[in-house]
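# Summary of the model geometry
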Amino acid sequence: GENVEQHPSTLSVQEGDSAVIKCTYSDSASNYFPWYKQELGKRPQLIIDIRSNVGEKKDQRIAVTLNKTAKHFSLHITETQPEDSAVYFCAASYGGYQKVTFGTGTKLQVIP
Amino acid sequence: GAVVSQHPSRVICKSGTSVKIECRSLDFQATTMFWYRQFPKQSLMLMATSNEGSKATYEQGVEKDKFLINHASLTLSTLTVTSAHPEDSSFYICSAGGEGTGNTIYFGEGSWLTVV
């Protein structure tokens, strides 16, 4: 089955700096890569996703890149704000709403 | 985006009893629903996949007789934790997807289960 690794497990940045979270996946058949933000005790919120036919996608301060050959994808948050502090999960799946395998999570702390 | 509702949000039960958690898709037909368990400071671990009208597919290490999953309609799946024990205390969360969601998965609010 799919295996998703995520690094780093914790990340502290100063407000205004950029944050980068990296993930690798094992199943070359995976074609959908969502990123979720989860605050303590709440449901994961989809913040951005990318499909395998696209190499990069951007939404305001958030961008995701995908390297299919290397089987890794990254989340980039620019101009970080304190409200960006949360746990971020990458994920991979085949077929969209099929089984999603999550990474281990990155706790992002943005220091004011 | 699509709405997935989960109930109850918090439940406390006595050891040895059973508790049922419901997951509903409110504005789309959920072909597939997933149940996850999340322990504090850990990732979401898939427990099982349920498809409407068929038996759930459980992940390795998940006891199907302990975690009963029913997906009787395209809008409702239930997870019943039977003979609950304190070690079953966790955050349980469902997700659902279907053609009506543009192939995106949406999560329920999650349910905090505490077994005392």
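Calculation criteria
Residues numbered from 1 in each chain as written. Chains lettered and ligands numbered in written order. Predicted model: local features only at pLDDT ≥ 70, side-chain atom pairs only at ≥ 80, totals over all residues. Heavy atoms only, no water. Disulfide = S-S within 2.5 Å. Helix = DSSP H or I, 4+ residues; strand = E, 2+ residues; numbered from the N terminus. Buried < 20%, exposed > 50% of the residue type's maximum accessible area, 1.4 Å probe, protein only. Pairing = 2+ DSSP bridges. Phe/Tyr/Trp six-rings, centres within 6.5 Å; stacked < 30°, edge-to-face > 60°. Lys NZ or Arg CZ within 6 Å of the ring centre and 35° of its normal.

## Points about the state of the cysteines
Using the criterion set out here, one finds two disulfides over all chains in the structure. Disulfide pairing is shown between Cys23 of chain A and Cys90 of chain A; the S-S distance is 2.0 Å. An S-S torsion of about -100 degrees defines the bridge between Cys23 of chain A and Cys90 of chain A as left-handed. On the criterion of sequence distance, the pair formed by Cys23 of chain A in strand 3 (residues 19–25) and Cys90 of chain A in strand 9 (residues 86–93) is long-range, its members being 67 residues apart. Both residues of the pair, Cys23 of chain A and Cys90 of chain A, belong to the buried class. Between the sulfur of Cys23 of chain B and that of Cys94 of chain B lies a disulfide, 2.0 Å long from S to S. Here the disulfide of Cys23 of chain B and Cys94 of chain B is right-handed, its torsion about the S-S bond being about 80 degrees. Taken as a pair, Cys23 of chain B in strand 3 (residues 19–25) and Cys94 of chain B in strand 9 (residues 90–97) lie far apart in primary sequence, 71 residues in all. By relative accessible area, which is 0% here, Cys23 of chain B ends up buried.

## Some words on the pairing of strand 9 of chain B
Residue and element names in this part refer to chain B. The buried count for strand 9 comes to eight of eight residues, which makes it a mostly enclosed element. Alternating positions in strand 9 separate into two faces, Ser90, Tyr92, Cys94 and Ala96 on one and Phe91, Ile93, Ser95 and Gly97 on the other, with burial throughout. Here strand 4 (residues 32–38) pairs with strand 9 via seven bridges, running antiparallel. By the bridge assignment, Trp35 is partnered in strand 9 with Cys94. Two strands pair when backbone bridges link them, and strand 9 and strand 10 (residues 106–107) are joined in this way by two bridges, in the antiparallel orientation. Within the sheet, the bridge partner assigned to Ala96 lies in strand 10 and is Tyr106.

## Observations regarding the packing of aromatic side chains
In total, this model carries 12 aromatic pairs over all chains according to the counting rule given. When the centroid spacing of 4.7 Å and the interplanar angle of 40 degrees are considered together, the rings of Phe91 of chain B and Trp112 of chain B count as tilted. Placement of Phe91 of chain B in strand 9 and of Trp112 of chain B in strand 11 (residues 111–115) is noted, with a sequence separation of 21 residues between them. Take Trp112 of chain B: its relative accessible area is 26%, and that puts it in the partly exposed class. An aromatic cluster is defined as three or more aromatic residues linked by ring pairs; in this entry it consists of Tyr36, Phe89 and Phe102 of chain A together with Tyr36 and Phe107 of chain B. Over the ring of Phe67 of chain B we find Lys66 of chain B; its NZ or CZ atom is 5.9 Å from the centre of that ring.

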